[in-house]
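Here is how the chains run, residue by residue.
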Amino acid sequence: MSHLMNTYARQPVSFVKGEGVWLYDAEGNRYLDALAGVAVNGLGHAHPKLVKAISEQAAKLIHVSNVYHINEQEQLADKLCEISGMDKVFFCNSGCEANEASIKLARLYGHNKGIKNPEIIVMEKSFHGRTLATLSATGNRKTQAGFEPLVSGFVRVPFDDVEAIKQVAARNPNVVAILVEPVQGEGGINIPHDAKGYLEQLRGICDANGWLLMLDEVQTGIGRTGTWFAFQHTNIVPDVMSLAKGLGSGVPIGACVAKGVAAETFTYGKHGSTFGGNPLATAAGFATLKTIQEDDLRAHAEAMGDIICNGLRSALVGESGVTTIRNAGLMIGIELDRPCGDLVKRALAEKLLINVTADKVVRLLPPLVINQAEAEQLVAILAKLIKQFLNE
Ligand SMILES: *Cc1c(COP(=O)(O)O)cnc(C)c1O
């Protein structure tokens, strides 16, 4: 019997090595990884540039305390600010911690303005993590059930509904921020009907009310949607952005990035982390960004996303059980008209690794390095499985 707590329904397979989009089990079977550790392994597995950077860093220095200056951390912060147009970074170790930092920052921002009970607008179907504050911000009862009392200070509105936010603005003087995923990941790859206009309108509402616009780019960030960050498909810049998942290519790291007044809100002693931003994690983050840049993986992600979605659309044409196929770069959702969790197991039997979220949505988050032949192979296997599933 396993001594692990029973928090995951695990697939009956384990891997011993990987290369690019491929994972291998102990028997030498090869699997096409279209999940990438849930949007973590953007560079695929064992990318030579990443392996070199973290091996060299590990041989020099893995960890020192944040009570000292850490050059690798400064270097990654410089790079993140350069590519985002933002000002300052706080490093932590995961997505929920990055959102915790954002939430604390927003509350402090409110208190600094004399608002004693600051509230943050969050969305239905959102996912922000599993800590108490972030599960309270999450718009999914399953994530929250059993952990009441929830953290207060969140106002929930439907996703992709600007009017609902305007109504909150008109009656609630305690609001200090909006926290939103540009594209909802766990919620089912939900893309606002006018994705650019939505963020731009939220920016306008925040400016008009003195609120912070806080984007959870934990899943959408680091090249996944074809730009460094999903907000770069628009003309706005957020006040706060949380990152994790793809940032360290699997070495745990999270970041809360801020601009303007938000970048100056945390002062000495207001937040901290023992591991956050250590030399190993920030070297991995820097190598990840450098490789994405050098290998032009943002444009590549966009092109591969189109190939996969167009391939699936033509292979599944006329299948009335397919509700929509939607994507933002390599963040891809295939929504069916029925629960389809069983497809994960069937895909595994075909040596393809996928995920199903929000019950009815097949989710693909392949490594950014996936090539055209691999993308076509993915389409062929998945389209066949979906057809079989829908027609039995
Ligand atoms: C995965 C995810 C998180 C939580 O990240 P952890 O590293 O698991 O804490 C938060 N927000 C979004 C949008 C995510 O996709």
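Residues numbered from 1 in each chain as written. Predicted model: local features only at pLDDT ≥ 70, side-chain atom pairs only at ≥ 80, totals over all residues. Heavy atoms only, no water.

1. With respect to the overall build of the protein
Phase 1 of the analysis: Within the protein, the secondary structure is distributed over 12 helices and 15 strands.
Phase 2 of the analysis: Here the C-alpha radius of gyration of the protein, 21 Å, is about what a compact globule of 392 residues would show, namely 21 Å.
Phase 3 of the analysis: C-alpha extents for the protein along the principal axes are approximately 60 × 55 × 45 Å.
Phase 4 of the analysis: Burial analysis of the protein (392 residues in total) assigns 55% to the buried set.
Phase 5 of the analysis: In the protein, once contacts between residues fewer than 6 apart in sequence are set aside, the share between residues at least 24 apart is 71%. (Helix = DSSP H or I, 4+ residues; strand = E, 2+ residues; numbered from the N terminus. Rg over C-alpha atoms; globule rule 2.2 N^0.38 Å. Buried < 20%, exposed > 50% of the residue type's maximum accessible area, 1.4 Å probe, protein only. Contact = heavy atoms within 4.5 Å.)

2. Let's talk about the site of the ligand
Phase 1 of the analysis: For the ligand, the full set of nearby residues is Ser94, Gly95, Cys96, Asn99, Phe127, His128, Gly129, Glu181, Asp216, Val218, Gln219 and Lys245.
Phase 2 of the analysis: Between the ligand and Cys96, the relevant distance is 2.8 Å, taken from an oxygen atom to a main-chain nitrogen or oxygen of the residue.
Phase 3 of the analysis: Lys245 has a polar side-chain atom sitting 2.6 Å from an oxygen atom of the ligand.
Phase 4 of the analysis: Protein chains shield 82% of the accessible area of the ligand, which is 390 Å² for the free molecule. (Near = heavy atom within 4 Å. Polar contact = N/O pair within 3.5 Å; in protein donor to acceptor, adjacent residues only side chain to side chain. Areas by Shrake-Rupley, 256 points an atom, 1.4 Å probe, with all protein chains shown as cover.)

3. Regarding the packing of aromatic side chains
One pair of aromatic rings is described through two measures. These are the centre distance and the angle between the planes.
Phase 1 of the analysis: Under the definition given, this model contains three aromatic pairs.
Phase 2 of the analysis: Judged by centre distance (5.3 Å) and plane angle (75 degrees), the rings of Phe15 and Tyr31 are edge-to-face. Residue Phe15 is found in strand 1 (residues 15-19), and its partner Tyr31 is found in strand 3 (residues 30-33); the two are separated by 16 residues along the sequence.
Phase 3 of the analysis: Assessed through its relative accessible area of 7%, Tyr31 is described here as buried.
Phase 4 of the analysis: With centroids separated by 5.9 Å and ring planes inclined at 5 degrees, the aromatic side chains of Phe229 and Phe231 adopt a geometry described as stacked.
Phase 5 of the analysis: Exposure remark for Phe231: the relative accessible area of 2% places this residue in the buried category.
Phase 6 of the analysis: Directly above the ring of Tyr24 sits Lys17, whose terminal nitrogen or CZ lies 5.0 Å from the centroid.
Phase 7 of the analysis: Positioned above the aromatic ring of Trp22, the side-chain terminus of Arg30 is 3.5 Å from the ring centre. (Phe/Tyr/Trp six-rings, centres within 6.5 Å; stacked < 30°, edge-to-face > 60°. Lys NZ or Arg CZ within 6 Å of the ring centre and 35° of its normal.)

4. Side note on the packing of helix 7 (residues 162-171) against helix 8 (residues 195-209)
Phase 1 of the analysis: Packing of helix 7 against helix 8 brings their axes to within 11 Å, and their N-to-C directions diverge by 5 degrees. With respect to each other, helix 7 and helix 8 are oriented roughly parallel. Contacts between helix 7 and helix 8 involve Val162, Ile165, Lys166 and Ala169 on the former and, on the latter, Tyr198, Gln201, Leu202, Ile205 and Asn209.
Phase 2 of the analysis: Across the contact of helix 7 with helix 8, the residue classes break down as six nonpolar, two polar and one charged. (Axes fitted to C-alpha atoms, helices over the stretch in contact; angles between N-to-C directions. Parallel < 35°, antiparallel > 145°, perpendicular 65-115°, else oblique. Nonpolar A, V, L, I, M, F, W, Y, C, P; charged D, E, K, R; others polar.)

5. So, the pattern of salt bridges
Phase 1 of the analysis: Under the criterion given, the structure shown has 18 salt bridges.
Phase 2 of the analysis: With its nearest N and O atoms 3.2 Å apart, the salt bridge here joins Glu56 to Lys52. Taken together, the residues Glu56 and Lys52, both in helix 2 (residues 48-60) and four residues apart, mark about one turn of the helix.
Phase 3 of the analysis: Residue Lys52 is classed as exposed on the basis of its relative accessible area, which comes to 51%.
Phase 4 of the analysis: Note that Glu82 is salt-bridged to Lys79, the shortest N-O span being 3.5 Å. Linking Glu82 with Lys79, this pair stays in helix 3 (residues 71-84), spanning three residues, or about one helical turn. (Salt bridge = Lys/Arg side-chain N within 4 Å of Asp/Glu carboxyl O.)

6. Observations concerning the sheet that holds strand 3
Phase 1 of the analysis: Spatially, four strands are ordered 1-2-3-13 in an open sheet, and the strand pairing comes out mixed. The two strands at the open ends of the sheet, each matched to only one other strand, are strand 1 and strand 13 (352-353).
Phase 2 of the analysis: When strand 2 (residues 22-25) meets strand 3, the two strands line up antiparallel, connected through three bridges. Paired with Tyr24 across the two strands is Arg30, which belongs to strand 3. (Pairing = 2+ DSSP bridges.)

7. As for empty space enclosed by the protein
Phase 1 of the analysis: Tallying each qualifying case throughout the model produces one cavity of 30 Å³ or more.
Phase 2 of the analysis: Among the residues forming the lining of the largest cavity, the class breakdown is three nonpolar, four polar and one charged. (1 Å grid on protein atoms, 1.4 Å probe; cavity = no way out; pocket = protein on both sides within 12 Å on 5 of 7 lines; lining within 4 Å. Points joined across faces, edges and corners; volume = space filled by probe spheres on them.)

8. Structural notes on the sheet that holds strand 10 (residues 254-258)
Phase 1 of the analysis: The seven strands lie next to each other as 4-10-9-8-7-5-6, forming an open sheet whose pairing is mixed. Each end of this open sheet is capped by a strand with a single partner; those strands are strand 4 (88-92) and strand 6 (154-157). With direction set aside, neighbouring strand axes in the sheet form an average angle of 20 degrees.
Phase 2 of the analysis: Packing of helix 7 onto the sheet brings it into contact with strand 5 (119-123), strand 6 and strand 7 (175-180), and relative to strand 6 it is tilted by some 145 degrees.

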